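# Structural overview for review
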Amino acid sequence: MVIKPSHEGNLTCVAKAQNNSNIEPTVSDTQYLKVVEPVKGAKIVVPSGQVEFFEGKTLELRCKPTVGNHVSYSWMLNGQLVSQSRLLYVADDYLLIKRTTSQDSGSYMCVATNEFNKTDVFTANSSEVVITVKDLVSIPDISFTVLKEDSHNYSAMVACQTTKGTPPVTFSLYNRRGSVDNVTVDKRDVTFKVPMVLGRHLGWLQCQANNGDGIEYSQWISLEVVPVGGPVTMRYDYDIGENYAVISLRFYCKAAKGSLPRYQWFLNKTLLHDRGSFYYVVNQPPEESVLILSVGRSSTGSYHCEVSDSFDNTTAISSKMLYLDKEELNRLRSLVVVVVFGCFTFLVLLVSICLCIGAKSSQRQLGEKSLLSLEMEGMVASNEDELDFSEYDEDADVVKMARGGEFDQASEVSVDEWPQIEEVKKMLEDEPVEGP
């Protein structure tokens, strides 16, 4: 018989006697018949029909051979086997990637394979299908510089750019009143030209970016440019090493005003570039510029800085010159150390003197307090004495009253006179009483 795929399955044979139903038929053991049809004509099917979409969407692919059974599948991206870590789900001919990114873009191909008795291997490769996963635009950045057209006319060159986003990208520039301009470009940045007047606030600007699946907005910026103005000041600080020797020094240059300043440093009126053998420049616009020096013979000289508008260098404002010499600087440093140490010593002595004076004052106050306590005790004793004297006065009054009583009893007789009185009394009693 000619074997067809439909013949695959469990085969048995039955033996029975002819024309004799009394004999039970005999059934053989089951034998599985596997039919291998060589695979041919593989192709990729995209169920959604979309081969271009934005990141975050789901990618679904199926591999369908024209003929073939007992087939295994593998997937290739740009000629490389697709990493299993990127596959969220694979079953037979089915591939699914969720939350896609632009890294999933490329040419996909499926490979269908089957084999016979592990000796004959049949393979069918599909044609490639190009899948494009587009990056969404990021939040755009906005900034501007000033272009000098002539001595009286200036323009703001407003730059809008995104760090990601598959082109083409449509950029739009807005102010508070509405749209100013828009353009679609095959890149992630664009520049708009806007007329401006120096020293005046011309409103607020915002940039918007869109590449087909949503709009992103920049922050609002103020369109105002203040020309550079003086005075320009310089200050410095330094680092010290062993023995308090100055080893490095930093000059700082700053203008009183200016939105877009350009700083230039000079040594002995010679322009210094961004970096040299003993220095380098760190610009921190618009606040200031820093010149960092390694102190030595090469760095000796007169320094100054000049500040001008970055868009117009016809007028520059200069700072005062500062002379730098290593020996003088270290001598000055030593003098400063001596002065600081002397001031510290003076303060210690002053504090010590104040503490001594305070201690003596405390002792004096304690002595005065003790004397005051003694005086208070004396006053109390004096009061007590006065109270005793008053009692004595009362006793004196009593004495005086007693003496006064003696004077009042002058008619009374003394004890010595009592016998005589008794005799007179007796005589009077013995005399007869005369009748009328």
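Higher on the page you've got the structure.
Everything in this summary refers to the structure shown in the same document.

Definitions and limits used
- Residues numbered from 1 in each chain as written.
- Predicted model: local features only at pLDDT ≥ 70, side-chain atom pairs only at ≥ 80, totals over all residues.
- Heavy atoms only, no water.
- Pairing = 2+ DSSP bridges.
- Helix = DSSP H or I, 4+ residues; strand = E, 2+ residues; numbered from the N terminus.
- Axes fitted to C-alpha atoms, helices over the stretch in contact; angles between N-to-C directions.
- Phe/Tyr/Trp six-rings, centres within 6.5 Å; stacked < 30°, edge-to-face > 60°.
- Buried < 20%, exposed > 50% of the residue type's maximum accessible area, 1.4 Å probe, protein only.
- Lys NZ or Arg CZ within 6 Å of the ring centre and 35° of its normal.
- Core = buried A, V, L, I, M, F, W, Y, C linked by side-chain atoms within 4.5 Å.
- Salt bridge = Lys/Arg side-chain N within 4 Å of Asp/Glu carboxyl O.

Here the focus is the sheet that holds strand 27 (residues 279-284). Spatial ordering of the open sheet is given by 23-24-28-27, a layout of four strands whose pairing is antiparallel. On the outer flanks of this sheet lie strand 23 (229-240) and strand 27, each paired with one strand and no other. Averaged over all pairs of adjacent strands, the angle between their axes in this sheet comes to 15°, without regard to strand direction. Looking at chain direction, strand 27 and strand 28 (residues 288-294) are connected through six bridges and run antiparallel. Bridging from a neighbouring strand, Val-282 pairs with Val-290 of strand 28.

Counted by the stated rule, this structure contains six aromatic pairs. Centroid distance Tyr-154 to Phe-311: 5.6 Å. Interplanar angle 80°. Geometry classified as edge-to-face. Linking Tyr-154 in strand 16 (residues 154-161) with Phe-311 in the loop between strand 29 (301-309) and strand 30 (312-318), this pair joins segments that are 157 residues apart in sequence. Per residue, the accessibility class of Tyr-154 equals that of Phe-311, and both read buried. Among the aromatic side chains, those forming a connected cluster through ring pairs are Tyr-236, Tyr-238, Phe-251, Trp-265 and Tyr-303. Here the basic side chain of Arg-176 rests over the ring of Trp-220, its NZ or CZ set 4.1 Å away from the ring centre.

Formed by 23 residues in total, the largest nonpolar core has its most connected members in Ile-142, Phe-144, Val-158 and Phe-171. Listing elements by their share of this core, those giving two or more residues are strand 15 (141-148), strand 16, strand 17 (169-175), strand 19 (189-196) and strand 20 (204-210). Grouped together as the second largest cluster of nonpolar side chains are 22 residues, Met-234, Val-281, Cys-305 and Val-307 included.

Residues Pro-167 and Pro-168 are joined by a peptide bond in cis, for which omega reads 0°. Looking at where Pro-168 falls in the secondary structure, it is placed in the loop between strand 16 and strand 17. At the junction of Pro-285 and Pro-286, the peptide bond is cis and its omega measures out at 0° in the coordinates. Checked against the element boundaries, Pro-286 lands in the loop between strand 27 and strand 28. One non-glycine residue, Asn-117, lies in the positive phi region at around 55°. For Asn-117, the location among the structural elements is in the loop between strand 12 (106-116) and strand 13 (120-125). Judged by relative accessible area, which is 58%, Asn-117 ranks as exposed.

The sheet built from four strands is open, its strands ordered 5-7-11-10 with antiparallel pairing. Sheet topology places strand 5 (43-45) and strand 10 (89-91) at the edges, where each strand pairs with a single neighbour. Across the sheet, the mean angle from the axis of one strand to that of its neighbour is 15°, orientation sign disregarded. Where strand 5 lies against strand 7 (residues 59-64), three bridges are found, and the strand directions are antiparallel. Directly across from Val-45, in strand 7, lies its bridge partner Arg-62.

For the structure on display, the rule yields nine salt bridges. Measuring nitrogen to oxygen at the nearest pair gives 3.2 Å for the salt bridge that ties Glu-55 to Lys-164. Here the residue Glu-55 occupies a position in the loop between strand 6 (52-54) and strand 7, and Lys-164 occupies one in the loop between strand 16 and strand 17, the gap between them amounting to 109 residues. For Asp-93, the salt bridge is made with Lys-64, and the minimal N-O distance between the two is 3.1 Å. Of this pair, Asp-93 sits in the loop between strand 10 and strand 11 (94-97) while Lys-64 sits in strand 7; the two residues are 29 residues apart in sequence, bridging distant segments of the chain. Judged by relative accessible area, which is 11%, Asp-93 ranks as buried. Connected via shared salt-bridge partners are Arg-62, Lys-64 and Asp-93.

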